[in-house]
Each structure stands twice: as C-alpha cells, then as structure tokens.
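Here are the chains, one letter per residue:
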Amino acid sequence: MLVLITYDVNTETAAGKKRLRRVAKQCVNYGQRVQNSVFECVLDAAKFRQVKELLVNIIDTHTDSLRFYYLGNAYKEKIEHIGAKPSYDAEAPLIL
C-alpha cells in the first residue's frame, strides 16, 4: 500500500533540529521524498507499523506532528502531479 507520511517538527531548539534530521533520515529509509517534509512510502502492514513506531518514538508529541495518509494499493489513480520535480513510479525497477 502507498502511505504518504508528512511531518512538522518544531526546530526552535537544537533538540528540535536534531529530531527533524532523525525523522527525515528514517523516512528516507522507507520511501521517496516528494516535498520537504512529505514522503511517499510503499509499505506492507508490518513495515508500516515499524516505521510508525520509529517516528512516534523520535518526535515530541507536545510540539511536533506526524500525519499518515493511507492511499492503498490503487494509489496510481489517486495521484496527480503538476509542476517541477517529475513524479516517479515507486514500484518500478531500480537501476543502479
């Protein structure tokens, strides 16, 4: 399933800046950054629970926020991209 993960981390303190870097680093491990604080992640249920737990344990729930949008398996019909930074196919073969 495709899950859109967005986050807003308060960076007014050094600890907040560190949390922001940690959240971004974890999201990069599971998906593709499509905007500054927005990641598209193709995950099964187990991987989703894993990344969600990791992120919840990083943020400060009093000052930061996470949002998860579940787009399911038929996500290609639900996404329209216009503008810069061309879209990508999350399930296409990766050529190294």
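For the structure, check the block above.
Report follows, based on the coordinates.

Let us now look at the overall build of the protein. Summing up its helical and strand segments, the protein has two helices and four strands in all. Starting at the N terminus and walking to the C terminus, you meet the elements of the protein as β-α-β-β-α-β. The buried share of the protein, taken over its 96 residues, is 29%. Taking the intrachain contacts of the protein between residues at least 6 apart in sequence as the baseline, contacts between residues at least 24 apart amount to 61%.

Read from one edge of the open sheet, four strands run 2-3-1-4, paired in antiparallel fashion. At either margin of the open sheet sits one strand with a lone partner, and together these are strand 2 (32-35) and strand 4 (65-72). On average, each strand axis in the sheet is inclined to that of its neighbour by 25 degrees, with strand direction left out of account. Looking at chain direction, strand 1 (residues 2-8) and strand 4 are connected through seven bridges and run antiparallel. Paired with Y7 across the two strands is L66, which belongs to strand 4. Along the sheet, helix 2 (residues 45-58) makes contact with strand 1 and strand 4, crossing strand 4 at roughly 165 degrees.

Turning to the pattern of salt bridges, a few remarks are in order. Under the counting rule described, the total for this entry stands at one salt bridge. One salt bridge in this structure joins D64 and R19, with 2.6 Å as the shortest N-O distance. Here D64 is found in the loop between helix 2 and strand 4, whereas its partner R19 is found in helix 1 (residues 14-30), with 45 residues between them in sequence. Judged on exposure class, the residue D64 and its partner R19 are both buried.

The rules we used
Residues take numbers from 1 onward in each chain, read along the sequence in its written order. With the structure being a predicted model, the display of local features is reserved for residues of pLDDT at least 70 and the display and counting of side-chain atom pairs for 80 or more, all residues being used for whole-chain, interface and lining totals. Hydrogens are left out, water is left out, and the side-chain values use all remaining heavy atoms of the structure. Elements are defined by DSSP. Helices are runs of H or I of four residues or more, strands are runs of E of two residues or more, and each kind is numbered from the N terminus. Per-residue accessibility, obtained with a 1.4 Å probe over protein chains only, is compared with the maximum for each type, and a residue is labelled buried under 20%, exposed over 50%, and partly exposed between these values. Every residue pair with non-hydrogen atoms within 4.5 Å of one another is taken to be in contact. For two strands to be treated as a pair, DSSP must find no fewer than two bridges joining them. Axis geometry follows a simple rule: fit a line to the C-alpha atoms, using only the stretch in contact for helices, then measure angles between N-to-C directions, giving values from 0 to 180 degrees. Think of a salt bridge as a Lys or Arg side-chain nitrogen and an Asp or Glu carboxyl oxygen that are within 4 Å of each other.

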